[in-house]
Each structure stands twice: as C-alpha cells, then as structure tokens.
Amino acid sequence: MKPRIALSTMDFKSYVQDGFAYVDKSGMISELIRSRDVFLVTRPRRFGKSMNLNMLECFFSNRSTAEEVGKLFGGLKIRADKNAMECAGGYPVVSLSFSGLVGSTWADALVKLSLMMRKSFEDNMAPVIDKITDNFYKTLAGILNSKNILDPKRIADYSSILSETLKMLTQYLKEAYGKRVILLIDEYDAPLIHAHNKGYYTEAVDFIKLFLGAALKDNLCLEFAVVTGVVQIARESIFSDLNNLVVCDAFNLEFAGDFGFTEAEVLGLAKVFGREREMDSIRDWYNGYEFRNVEIYNPWSVMSYFRYGEFRSYWANTSENTLIQDLLRGAPSSDVSDLLHLLAGGHLEKTISTRLTFRDLRIGSGSVFSLMATAGYLKAVPIRENGEGHLCMVALPNKEMPNCFHGMFKSLLTESRMGERIGDIVSAMLAGDEKGFESRLNDYLIEVMSTFDSLESFYHGFMVSLAGYAYETHEIRSNRESGTGRYDLSMTPRKADGLGVLMEFKKLGKGEDAERLLDAGLGQSDEKRYALEMKLHGIRHITYTMVFDGKVCHVRLRR
C-alpha cells in the first residue's frame, strides 16, 4: 500500500505515526551531537527547515519517553548510531517559530513576541515550577501574564526585560533539570523581512539582536542551537558577536544534503509511488539546486507532484516575495536585460552574497540576484570566491522556475516604463513591423549598452533576453538545430495559430558592408532550412536577420 502524502503539516510525529511518506533526515542528529555549536541554516522556503527542527525536538526532548522515541526513530538512520541514541529524550528543548511575529507596527510584533514567550514559559516550566527558587521568576511571570503586555503603549516599558526572556528560560530549565538546553528557532528572519516592508526595521533588528544575542552568545546553559531562515542578515550585527556560530548556507558543507531531497531520495520515492519511468521529467522539473556540490530537488514540488501526478509549478506563490518585488519594480535597464536573459534560458556570471544587508538592499546594487539565488529562484554554481561573496554561474534551476520567475517578474516589469519599452520592441517584432522594430531597438540599445559590450555573444544574449519578454506566448530557443544548421534564436508560438519568429545575428566587422551581411543572413537561413521544424508543424513564421555595429542594429525581415 502506498503511503499518504501530507503537505499541510510539518509535524514529524504525525508523519511517522500516521503513515505519511517521509524522507529520512535523521542523520543530521549525529553531526549536531558531535559539534555542539550554534548553527545558522539558510535555505529557500519549503525546503524542509521546519520539519527538520520538529524532528530534532521529538528526538531530544525530555518530554518524550524512551518508548516514544524508539517507535518514532526505530526505522530511521539514526538508530544505527548508538552514541546518538543515548542522547535521545535526554534534554530540555525550547522550540520557537518566528513566522508569526509580524504586525503593522513594531508594537504589534512585540506583543506577539511576548505572547510567544509566555506560552513557551508555560509549556516548558509548568512541570518544574516548584524547583525554581529565583524570586525574579515570579516577577517575570507576572509581567508575561499581565494584561498590560497587550497594550502597545505599555509594552515598550517591558522591552528590555523581554529581550532577556529567552536566555532566562534556558537558565531556569538548566537549573530545574540539571541538563543543558537545546534551542531550536525557526524562521528567525521572518519578522525582520516583514519589518523592512512595513517601515519599522530599525526597532525590530535592534531588539532581535539583543534577544538572540543574549540567548546564543556564551550561554553556558546551551547544549547546542539551530537557527533557520531564508537569508543571513549580515553587518547589522545580529550574529556578529557570536564566536561559536556555524553558518550553513548554500556554499557550506554542513547539512548540505539535509534540506531538500537528494537524487537517491527522490528515486526512492519514485519507486514507492510507481513513478520510476518519470524520473527524467521529475529531474527536469524539480531538480537543479546545488548546495556545496550536492544536487538538490525542491521537496515541496516533488511531494506535490507525487500527490497530484501532474508536472506543473507548485512552488510559486507559497509565500510573499516583497523584497524581490520592490527591487524589480525599480530595476535598472541592465538588471532587466539580465533577468530576461535568464528567463529565456541563459546563463550569467554574477557575484552572489549569502550575507545580505537589508540596509544595503537598493535598486541597482545587484542585490536582486543574491536575493533571488538565496530565496531559491536561481541556481548559483560557484566559480571562485571574491571579496564580496562567490562569483557564480547563475541560471534558472529547472522547468518549474520560469513560471514562478515569470509570474513574479513579468507583472512588475509591465508596470514600469522600461517594461513598456521592451514590450513595444517585442510587439513590433512580432507584428512584422521591420522599421518600427529597428527604430525602437536602436533607441533601447543606445540607453542600455556599453561601448565595451561589442562581442557577438553579448548581442546574442541581449536578444535572447528581449525575446524572453514574450515567454507567455512563445517558447524561446537559442542555438538549436533545425534543417541542416543551427539557428541563433527562435520564438515558437504556444498556440497553433500564432506567428513564429526566426533570427540570425551578425556582427559587422571592419570593412564589411551591413547590407551585404543582411542579405547573407537571410540567404543562410534559406540554405540551412532553419524554418523546417516550424514548417513541419504547420506554424506560420517570419525571419529576421540582424547586423550589429556597436550601438546600432540593422534589421532585415523576410515573411
């Protein structure tokens, strides 16, 4: 009998006890026990961060009996590690999720944090309250349970005390149980991203720095801690004082295969669900990420596919992307062209920094590529390190991503003046308006092109990027075989009655004549029969030859 698939819960115990399909990530427990550090793990959303933290809580918490742990983990990898199993159920565990710490104002968010801490104190301290002799605990409990804490005007009076509550909780638990505490914090960056969007970032980052710093820095009551998020907040000093912090981002070895699914894990699932024959398509649609040389599949999309049995985009719009949207709305011409080039299936070299700075996120800074790579929209394969991060080869990771990417990018692009201009260029091209296409294209080239961008490869990538604007109506292909040669660019209509476009690009050399090159380009298209594939499918088409000379492009159309 095939296991059921759950998408709406991240509760590890339910997955195991209720027979849901579960990919075993328990091997990371051994590494945590050996290292006993403070780990910051950054991965894209829906890549298993919450599930893994819940799994760790079930394994280590002293509120789990030996029998319960045995039943939950008896069939998993960690069972083979005898030393690790001796630690099962042996620690007080504090598990917090920051995902709900959002509000229209900082006071609103702080109220929610106080309520979260009140519940955490109640859940963790209730069994051992009689063992606490510290008089301040009564004062603290009184503050957390006070109705005044719900008053935004009064909560500011308690903010300094609230910033110490997490550290205090670990101290009280250590005193009560005589064992050091394991601290698990999920989505630490959620309130900071929301604060950035709502305009109270300074207050939020200053408080979170104190709140996490107090609990994580040189806290002798901690056994280890795991903090997860999508991005690493750098330079604002949230973690700068932590000498025991181990950062586990896409370029680090630790836990490289523990978030997201590996090739072997997806193949195992495919066998369970009788989908082995679909592995090539599964790979094309949902693979493509790389964490320290480990190829990773998007776990949310993989499980959604096994549940619904249809290849489509599942990952899009599973959370807000306001930061990326803000950067895209005002993106300069160069970023727009680069993004369209990626959308059309191109590759680019970009410096990717996983240590993002919200105060430095600004239009034109190049931050959009780092943010999109960190958030999972782009695959970034490192080439070498440089002073600002990692120089990477950047591309869309798989077939799913163009829909996610395009749905977010296209609507924002069309709102901007630049989007309107690119739309006008592409519209003239698709309408067969040779002169209008040439005129609009040359105006755009003068604005966005550097005099140093004169290699033929630049012109090719530039036109691929423009063609990507028509992604919704046309499939964009570059350097593909057709007839007896390889055309430079094709735009195949997604609807049978649409108009196809073929393009041949030339660069004007010294002493060459543009008109002769235009004629040669059209002749080459005829001789090599580039249009054969479209003709076989009954697709009407037009052919352009384009000759580039610096910031000038000569266009010739054949219908």
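Shown above is the structure to which this text applies.
The notes below deal with the structure included here. If you're wondering where the values come from, they're calculated on a predicted model, not measured in any experiment.

Cut-offs applied
Residues numbered from 1 in each chain as written. Predicted model: local features only at pLDDT ≥ 70, side-chain atom pairs only at ≥ 80, totals over all residues. Heavy atoms only, no water. Helix = DSSP H or I, 4+ residues; strand = E, 2+ residues; numbered from the N terminus. Buried < 20%, exposed > 50% of the residue type's maximum accessible area, 1.4 Å probe, protein only. Areas by Shrake-Rupley, 256 points an atom, 1.4 Å probe, with all protein chains shown as cover. Contact = heavy atoms within 4.5 Å. Axes fitted to C-alpha atoms, helices over the stretch in contact; angles between N-to-C directions. Parallel < 35°, antiparallel > 145°, perpendicular 65-115°, else oblique. Nonpolar A, V, L, I, M, F, W, Y, C, P; charged D, E, K, R; others polar. Polar contact = N/O pair within 3.5 Å; in protein donor to acceptor, adjacent residues only side chain to side chain. Pairing = 2+ DSSP bridges.

Examining the overall build of the protein chain
Here's step 1: Helix and strand counts for the protein chain come out as 23 helices and 19 strands.
Here's step 2: Counting across all 559 residues of the protein chain, residues that qualify as buried make up 55%.
Here's step 3: For the protein chain, the accessible area works out to roughly 24,600 Å², and carbon and sulfur atoms hold 47% of it.

Remarks on helix α10 (residues 190-198)
Here's step 1: Within α10, burial applies to Ala190, Pro191, Leu192, His194 and Ala195.
Here's step 2: Looking at the buried residues of α10, the elements they touch are α11 (201-216) and β5 (232-233).
Here's step 3: One or two positions beyond α10, positive phi appears at glycine 199, with a value near 95°.

Remarks on the packing of α10 against α11
Here's step 1: At a minimum axis separation of 8 Å, α10 and α11 run at an interaxial angle of 160°. If you check the angle between α10 and α11, you find them roughly antiparallel. Every residue of α11 that contacts α10 at Leu192, Ala195 and His196 is listed here: Tyr201, Ala204, Val205 and Ile208.
Here's step 2: Partitioned by chemical class, the residues of the contact of α10 with α11 number six nonpolar, one polar and no charged.

As for the side chain of histidine 474
Here's step 1: Within the element layout of this structure, histidine 474 appears in strand β13 (residues 474-478).
Here's step 2: Since its relative accessible area comes to 7%, histidine 474 is described here as buried.
Here's step 3: Polar side-chain contacts of histidine 474 include one of 2.9 Å to the backbone oxygen of leucine 499.
Here's step 4: If near-sequence neighbours (up to four positions away) are discounted, histidine 474 is found in contact with Leu430, Met491, Thr492, Pro493, Arg494 and Leu499.

A few points about the sheet that holds strand β16 (residues 489-493)
Here's step 1: The five strands lie next to each other as β13-β16-β17-β18-β19, forming an open sheet whose pairing is mixed. Only two strands of the sheet have a single partner each, and these edge strands are β13 and β19 (552-558). Averaged over all pairs of adjacent strands, the angle between their axes in this sheet comes to 20°, without regard to strand direction.
Here's step 2: Judged from the five bridges that link them, β13 and β16 form a sheet pairing that is antiparallel. Looking at β16, one finds that isoleucine 476 is bridged to methionine 491.
Here's step 3: In the packing of helix α22 (residues 514-528) onto the sheet, the strands contacted are β17 (499-507), β18 (540-549) and β19, and the crossing angle to β18 comes to about 145°.

A closer look at the sheet that holds strand β9 (residues 348-352)
Here's step 1: As summarised here, the arrangement of the three strands in space is β9-β12-β11, forming an open sheet in which the pairing is antiparallel. One side of each edge strand has no neighbouring strand; the edge strands of this open sheet are β9 and β11 (379-386). When the angles between neighbouring strand axes are averaged without regard to direction, this sheet yields 35°.
Here's step 2: Sheet analysis places β11 next to strand β12 (residues 389-395), joined by seven bridges and oriented antiparallel. Residue pairing in the sheet places arginine 384 in a bridge with leucine 391 of β12.
Here's step 3: Those strands touched by helix α17 (residues 367-375) are β9 and β11, and its axis lies near 85° from that of β9.

What to know about the environment of histidine 341
Here's step 1: Mapped onto the fold, histidine 341 is located in helix α16 (residues 333-343).
Here's step 2: Sequence separation between histidine 341 and alanine 395 is 54 residues; the distance between their C-alpha atoms is 9.2 Å.
Here's step 3: Apart from the residues within four sequence positions on either side, histidine 341 is in contact with Gly346, His347, Leu348, Gly461, Val464 and Ser465.

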